[in-house]
Each structure stands twice: as structure tokens, then as C-alpha cells.
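# Chains, contacts and geometry: an overview
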Amino acid sequence: MALRRRPAVRLCARLPDFFLLLLFRGCLIGAVNLKSNNQTPVVQEFESVELSCIITDSQTSDPRIEWKKIQDQTTYVFFGNRIQGDLAGRAELLGKTSLRIWNATRKDSALYRCEVVALNDHKEIDEIDIELTVQVKPVPPVCRVPKAVPVGKSATLHCQESEGYPRPHYSWYRNNMPLPRDSRANPRFRNSSFLLNSETGTLVFNAVHKEDSGQYYCIASNDAGSAVCEEQEMEVYDVNIGGIIGGIVVVLAVLVLITVGICCAYGRDCFISNKQNRERATLDTSHHL
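Conventions we followed
Residues numbered from 1 in each chain as written. Predicted model: local features only at pLDDT ≥ 70, side-chain atom pairs only at ≥ 80, totals over all residues. Heavy atoms only, no water. Core = buried A, V, L, I, M, F, W, Y, C linked by side-chain atoms within 4.5 Å. Buried < 20%, exposed > 50% of the residue type's maximum accessible area, 1.4 Å probe, protein only. Contact = heavy atoms within 4.5 Å. Disulfide = S-S within 2.5 Å. Helix = DSSP H or I, 4+ residues; strand = E, 2+ residues; numbered from the N terminus. 1 Å grid on protein atoms, 1.4 Å probe; cavity = no way out; pocket = protein on both sides within 12 Å on 5 of 7 lines; lining within 4 Å. Points joined across faces, edges and corners; volume = space filled by probe spheres on them. Nonpolar A, V, L, I, M, F, W, Y, C, P; charged D, E, K, R; others polar.

## What about the nonpolar core?
Leu-51, Trp-67, Leu-87, Leu-99, Ile-101, Tyr-112 and Leu-132 are the most contacted members of the largest nonpolar core, which has 25 residues in total. Excluding residues that lie within four positions of it along the chain, Tyr-112 makes contacts with Leu-51, Trp-67, Lys-68, Lys-69, Val-77, Leu-87, Ile-101, Ile-128, Asp-129, Ile-130 and Leu-132. Counting 24 residues, the second-largest nonpolar core is a separate cluster that includes Cys-143, Cys-159, Tyr-173 and Val-208.

What follows is the structure, encoded as C-alpha cells:
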């Protein structure tokens, strides 16, 4: 008899779990729920992209679908069963709830919210956010390279690009050879002294050497692509100390000659003027006599 009682005890022990499962399933029935196959889609500019929004559970056959674009201000993208705003003519509802955008532009990068209202469900509303990133390939950057720099002087090379998204990183090349961020990090550039900032595109030489002469160009790159500026030459020249001193001596000599000439001319004018005054005085004396 004791053996026959054990199944009844086990069945009674399982009854609370059974009721909890029924209660849990009862809470899920009639609740609208959403999911997305990709909540962070990435697309290159002028390509199409799908913003995935899928209803997994709902008892409402015709729920209300809304899409919003959330930036500084929230605007409707799909409302009243039609595409609105700057996506009008460039987007469509895909399936029942997903959104497809054609010719995506950099202005389409934003947070989008899919919102479903199912009035026949116990939980009537659900929403899901999609973060869209539209990548833009850089355009050829603007590079500024000094044409000539004396040995030992500092020099700064600039590279800037303003169209790419995400913001591009910069790399510099000399005579088709990539430059490291720090010249001290590569033995090949032990005769140079420079730092490269890949975020701002500046290449700064603390003191240029003859070996720093060459053809320079910069590449701006991001996940969408890269672009390069035209090569520009930077010449590093020696300072001719002897020539500078000689030039100074010549300039001083010229100044001395000019000064002497002026003084001589002034002295001659004074001599002529005094002679003329004496002659006039003699004539006046003879007239009085």
C-alpha cells in the first residue's frame, strides 16, 4: 500500500509547478511582442537598407503601425498608413511592419522607433528601437605642405577632410612610404623627429633634417572607403652662414659708402657756398671805396 501512495505524493508535489506554468502562459496570451533581426544596421550612402521590425505575438489581425525618427526632434516616418517626412518617395513598408529605405543618405543616420498598437491584445503596445548608421566615403582631403624649410626648423603638414562619415583617420606618406605615428618607433626614421596625429591629420616635425625632403601625400580613410590628396614636395635646405655674414658685410659697406658720399656732397656744397660769400664781400667793399 505504501508503494501505491508514492505516485500520488509526487503528483501533488508537481501541481504547484503546473499551475505556475498555466499562469505564465496565460499572461503571455494576448500580448503584442516585437523583435528585430538587426537593431544596428550599417549601410553605405546611396544604398538601400531594411529596418527590421517583426511581430512575434499578437491576437490583433490589423494592428496600427507607426515609425518615428528620433533626433533633436521626433518626427513621424510612417503614420496613417503612409510614408511621411523626408523619406516620402524613398521608403516603403516591407511586409507588415518593417521599413525599407532606398538611396539612404547621411541625413538618414538616426534612431528609429517601430511602434505597434494592437487593441485586441491584453498588452496593447510594444516598441523597438533601430539605430541606423549611413557610412559616407571620404572625398580627396585638402593637404598643406611647406615648400621649403631650413634644416633644424620646425614644420607642420596639414590634412583635412570634411565629408566622410564616420570621421576618417589620416595617414601620411613620404616618397610612397607610410610614416609611423612617432618617428622614434621605427628605426628606419631614426634621423627624423616627427609626430603624426591620425585624428586631426597633422604631421609635426620638431626639427627637420635633410632626410625629411621628399614628396608627401595624405590618405583619409574610414569604413566606407578612402581618398588621397595630390603629392606635394617639401625641400629641406642648409643655411649658408658664410653667405649670410658676407651679405651683411656687403650691406654695411654700401651703407658706409652712401654715408660718406652724402657727407662729401654736403661738404662740397658748404665749400662752394663759403667761397661765393667771400667773393660777394670783396665786391661790396670795392664799390664803397
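That shown, we press on.
## So, the state of the cysteines
What the rule picks out here adds up to three disulfides. There is a disulfide in this structure between Cys-143 and Cys-229, and the S-S distance comes to 2.1 Å. Residues Cys-143 and Cys-229 are joined through a disulfide that is left-handed, its torsion about the S-S bond being -100°. In this pair, Cys-143 is assigned in strand E12 (residues 142-144) and Cys-229 in the loop between strand E20 (225-228) and strand E21 (232-237), connecting sequence segments 86 residues apart. There is no split in this pair, since Cys-143 and Cys-229 are both buried. In this model, Cys-159 is linked to Cys-218 through a disulfide, with the two sulfur atoms separated by 2.1 Å. Measuring handedness by torsion sign, the sulfur bridge of Cys-159 and Cys-218 sits at about -80° and is left-handed. With a gap of 59 residues between them, Cys-159 in strand E14 (residues 155-160) and Cys-218 in strand E19 (residues 214-222) connect regions that are remote in the sequence. As far as the burial class goes, Cys-159 and Cys-218 line up, both buried. Among the cysteines of the chain that take part in disulfides, numbered as they appear in the sequence, the pairing is 1-2, 3-6, 4-5.

## Focus on the layout of surface pockets
The calculated volume of the largest pocket comes to roughly 150 Å³. Together, Asp-62, Pro-63, Arg-64, Ile-65, Glu-66, Phe-78, Phe-79, Gly-80, Asn-81, Leu-93 and Lys-96 line the largest pocket. Only strand E5 (64-70) and strand E6 (74-79) provide two or more residues apiece to the lining of the largest pocket. Of the residues forming the lining of the largest pocket, the biggest block, three residues, is contributed by E5. Looking at the lining of the largest pocket, its residues break down into five nonpolar, two polar and four charged.

## What to know about the environment of Met-234
Within the secondary structure layout, Met-234 lies in strand E21. Ignoring anything within four residues of it in the chain, the contact list for Met-234 reads Val-145, Pro-146, Lys-147, Val-149, Ala-155, Leu-157, Phe-205, Asp-212, Ser-213, Gly-214 and Tyr-216.

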